[in-house]
Every structure is written in structure tokens, then in C-alpha cells.
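# Observations on the three-dimensional arrangement
Residue-level listing of the chains:
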Amino acid sequence: MGSRQMMPLLLPEQQQDGLPASAQPPTAPPALRRRRRITAGLLIAGLAVALIVAALVSSGIGQMQLSAAEVFASVAHRLGLDWGMLPTHPHAESALWAIRFPRVVMAIVIGAALACSGVLMQGVFGNPLAEPGVVGVSSGAAAFACIVIVFGLNFLGTWTVAFGAFVGGLVATGLVYATARSGGRTEVVTLVLTGVAINAVGGAVIALMTFLGDNSSREEIIFWQLGSLNGTRWENVWVAGPITLVGVGLAFLFTRKLDLLALGERPARHLGVDVERMRRQVIVLVAILTSAAVAFAGIIGFVGLVVPHILRMAVGPGHRVLLPASALGGALLLLIADTVARTLVPNADLPIGMLTALVGGPFFFWLIRRTRKTAGGWS
């Protein structure tokens, strides 16, 4: 009996199809499972409703004040529905559809991308302190964007900077992964330390480009360092939106494997998970999602750290619920932050990355203290 290895217990949502009957643990009582499903459903529905309301309110806030009812009526009329009274201001429609709606939609897209990236990073690293910036994707993207700006590269016209940022994020992530990989395996600690080094190099490149650039270039570099959605147009949304939609959809393919990985690498391998392959795929997916976000909004920190952790405390560690809840929560958080950024100071557009850092910084300190008390665990 002492030499036998016991099968680790799994939560009901962590059971894997195809396991022998002896490996399937007893399920939770039906009443408990039903209560969990109701709670998760209510939370996701509540976040969705809050996001819709916030989008309507945010679209009406600005130098031209519009009510949420007027904004809703404008959207309904575009869909061919004669609901509500259209805004009476002669320039309201053009302001809504050319300026405010693209920015609102982009905030939702980027918030969802960063929050989902945070869920994937925390799941694959098994640590609540992980976020997309751990593998250097944000600093790499910003560094390449700054190089394009300072040296005046223009091989793709107005898309050159965004393309450079996207490629930079992928290159930085590839360097981190290739450096951390040894003997066919990737050690998490080595990966994190390599990411720290890449982040330092990226920061040095940004500082060098700031020194070499003229005043105009330095103003653009500030955008990449602090993040902003100012100047967003539908063309940007049509690029970042599909990438995020596909990326979030692909993330759902990893939810069960991430639940199994939470038991530890050895139990996950015993249950049929190719941990190394999954880790590689998740890191690539995170790089794509984060690079797309940074390419159009600059570096926006703490969304991928704060949102998944708060929602994990609310809905538990099951990724099938945590992932959609985080996507909605991240979209809601960034939309609120962007609304504050463009309305807090009259006739000014504050860096959105600064606001998320002001909120996320204190939360990060609290999270570190909480994690130390629980010996680095998830509780």
C-alpha cells in the first residue's frame, strides 16, 4: 500500500474525458454544483450588463454631453430600429461614430485581451503574480515601436509603427522562450528571470531612443511608455478586434488543461497533459494578444494582473468560468479607466497606463503580502 501512488483528486470541472473510471473522483453534490453554476452565470451576466451600460455612458461623456438614451437611440437607428430619440446636436452623430465609438470599442477589445492574457499567464506559471509583461512582450513591443518612430521608418505607411510594435512583442517573447528552454524543457523560474532581463533591455532601448529622438519623437515615445487610446479609429479596431476575438476563442481550448496543471506538473502529465507543448502554445497566444494590444494602445500595466486575481477570488480557480469573466472584467476596467483619462482634466487626455498603475500598484503590494502569508499559494 505504501508503494502505490495515489491518484490526485480533481474538482468536477477539472475531470478529463477519457480517464478510466477508477481515476474519476466523486463529484460535488448536485445542489452545490447547481449553486456554483448559478453564481457564475449571475456574475458573467452582471459583468456583461455593466459593460453595456458603461459603454453607453462613456460614449455620451465629453465636451459634447449626450445621455445614454440618446447614444442607445443612435446605435438602434444604425441597426434599422426606430427606438428612442436621436441626439439633437447637429454634430452628435459624426462625433459618436467617428471618434467616441471607436475608442470605446478599442478599450473593450484591449481590456479583454490583456485580462485573458493574465489568466493564461497565471495559469501556466501557477502563480497569481504573473502577468503578460513577465515574458517581455510589452517592453519588446514598445522598444520596436520607438525604433520605428526615431528612425522614421515608413515601409507600411501609417501602419508601420503598429506593425513594428506587434513584431517586437513576438520577437521579445521568442527570445525569452528560446533562452529559457534547455534539454527539451522550459523551467518557469528561468523563463521569468529571462523575461526580467528582456524587460530591462527593452527599457534601455526605449531610454536610448528617447535620448536620440527630437521633440516630436519624444512625445510619441511617451505614448508607448504610458499608454493611450487617443486618436483611435475604426481602422485600428478592425485589426485589433479580430485578433483578440480569435485569441480569446483559442484560449478556451486550454481551460481544462490549465485546471489540470493547477494540480502540479507531474499529476498533469500523469493525466495526459503535454505540459511543455501547452506552455509553448499558451506563451505564443499571450504574445499575440498582448502585442496586438500594445501595438495600438502602448504599455498598459496591471490589467492582466488585477482583474484575473479579483475574479478568481469571486468565482474560484476553474478556468472555464474565470476566462470569460476576466474578459468582461478587463474590458469593463479599461473602459472605465479610459473614460476617466479623457474626462478627469478638462481639455486634456491623461495617459491611461498611468491610471491603471495608480490603481494596480497598491493592489500589487497587497497581493505580494497576501501571497507571502499563504506561502505563495492561490488561496
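A brief look at the structure comes next. (Residues numbered from 1 in each chain as written. Predicted model: local features only at pLDDT ≥ 70, side-chain atom pairs only at ≥ 80, totals over all residues. Heavy atoms only, no water.)

## Here's the deal with helix H2 (residues 68-78)
Those residues of H2 not exposed but buried are Glu 70, Val 71, Ala 73, Ser 74 and Ala 76. Summarising the contacts, the buried residues of H2 are in contact with helix H1 (30-60) and helix H3 (92-125). Gly 80 sits one or two positions beyond H2 and adopts a positive phi of about 85 degrees. (Buried < 20%, exposed > 50% of the residue type's maximum accessible area, 1.4 Å probe, protein only. Helix = DSSP H or I, 4+ residues; strand = E, 2+ residues; numbered from the N terminus. Contact = heavy atoms within 4.5 Å.)

## Considerations on helix H13 (residues 319-343)
Between its first and last C-alpha atoms H13 spans 35 Å; for 25 residues at 1.5 Å apiece the expected length is 36 Å, and the two agree. With 19 of its 25 residues buried, H13 lies for the most part within the structure. (Expected span 1.5 Å × (residues − 1).)

## Focus: the packing of aromatic side chains
Enumeration according to the criterion identifies five aromatic pairs in this entry. Consider the rings of Trp 97 and Phe 101, whose centres lie 4.6 Å apart with planes at 80 degrees: the pair is edge-to-face. A residue pair is termed a helical-turn pair when its members lie 3 or 4 positions apart in one helix, as Trp 97 and Phe 101 do in helix H3 at four residues. Here Trp 97 and Phe 101 have matching classes, each one buried. An angle of 85 degrees between the planes, with centres 6.1 Å apart, marks the rings of Phe 155 and Phe 163 as edge-to-face. In this structure Phe 163 comes out as partly exposed when scored by relative accessible area, which is 39%. Seen from the ring of Trp 97, Arg 78 lies directly overhead, with NZ or CZ sitting 4.4 Å from the centre. (Phe/Tyr/Trp six-rings, centres within 6.5 Å; stacked < 30°, edge-to-face > 60°. Lys NZ or Arg CZ within 6 Å of the ring centre and 35° of its normal.)

## Brief notes about the nonpolar core
Ranked by internal contacts, the top residues of the largest apolar core, which has 81 residues, are Ile 110, Phe 125, Leu 191, Trp 224 and Met 278. Of the residues forming this core, the biggest block, 15 residues, is contributed by H3. Residues contacting Ile 110, with those up to four places away along its chain left out, are Leu 229, Ala 293, Ala 297 and Leu 334. Counting nine residues, the second-largest nonpolar core is a separate cluster that includes Val 71, Ala 92, Ala 95 and Leu 96. (Core = buried A, V, L, I, M, F, W, Y, C linked by side-chain atoms within 4.5 Å.)

## So, the side chain of Ser 74
Relative to the helices and strands, Ser 74 is located in helix H2. Judged by its relative accessible area of 1%, Ser 74 is buried. Engagement of the side chain of Ser 74 in a polar contact is seen with the side chain of Glu 93, the distance being 2.7 Å. If we skip the residues at most four places from it in the chain, Ser 74 touches Leu 86, Pro 87, Glu 93, Leu 96 and Trp 97. (Polar contact = N/O pair within 3.5 Å; in protein donor to acceptor, adjacent residues only side chain to side chain.)

## Examining the pattern of salt bridges
Where charged atoms from two side chains of opposite charge approach closely, those side chains can pair. All told, the structure shown has four salt bridges when counted by the stated rule. With its nearest N and O atoms 2.8 Å apart, the salt bridge here joins Arg 103 to Asp 338. Of the two residues, Arg 103 is situated in helix H3 and Asp 338 in helix H13; the sequence distance between them amounts to 235 residues. Given the relative accessible area of 9%, Arg 103 is considered buried. (Salt bridge = Lys/Arg side-chain N within 4 Å of Asp/Glu carboxyl O.)

## Details of the packing of helix H12 (residues 303-315) against H13
Two elements in contact, H12 and H13, have axes separated by 9 Å at closest approach and are oriented at 130 degrees. Put simply, H12 runs oblique to H13. Remark: the crossing between H12 and H13 carries right-handed chirality. Within the contact between the two elements, H12 uses Val 303, Val 307, Pro 308, Leu 311, Arg 312 and Val 315 and H13 uses Val 321, Leu 322, Ala 325, Ser 326, Gly 329, Gly 330, Leu 333 and Leu 334. Split into classes, the residues belonging to the contact of H12 with H13 amount to 10 nonpolar, three polar and one charged. (Axes fitted to C-alpha atoms, helices over the stretch in contact; angles between N-to-C directions. Parallel < 35°, antiparallel > 145°, perpendicular 65-115°, else oblique. Left-handed = near helix turned anticlockwise from the far one by under 90°. Nonpolar A, V, L, I, M, F, W, Y, C, P; charged D, E, K, R; others polar.)

## Concerning the environment of Leu 175
Structurally, Leu 175 is set in helix H5 (residues 160-180). Looking at Leu 175, the relative accessible area reads 46%, which means it is partly exposed. Spatially, the C-alpha atom of Leu 175 lies 47 Å from that of Ser 74, the residues being 101 residues apart in sequence.

Everything listed here is a matter of coordinates, which is why it stays silent on function.
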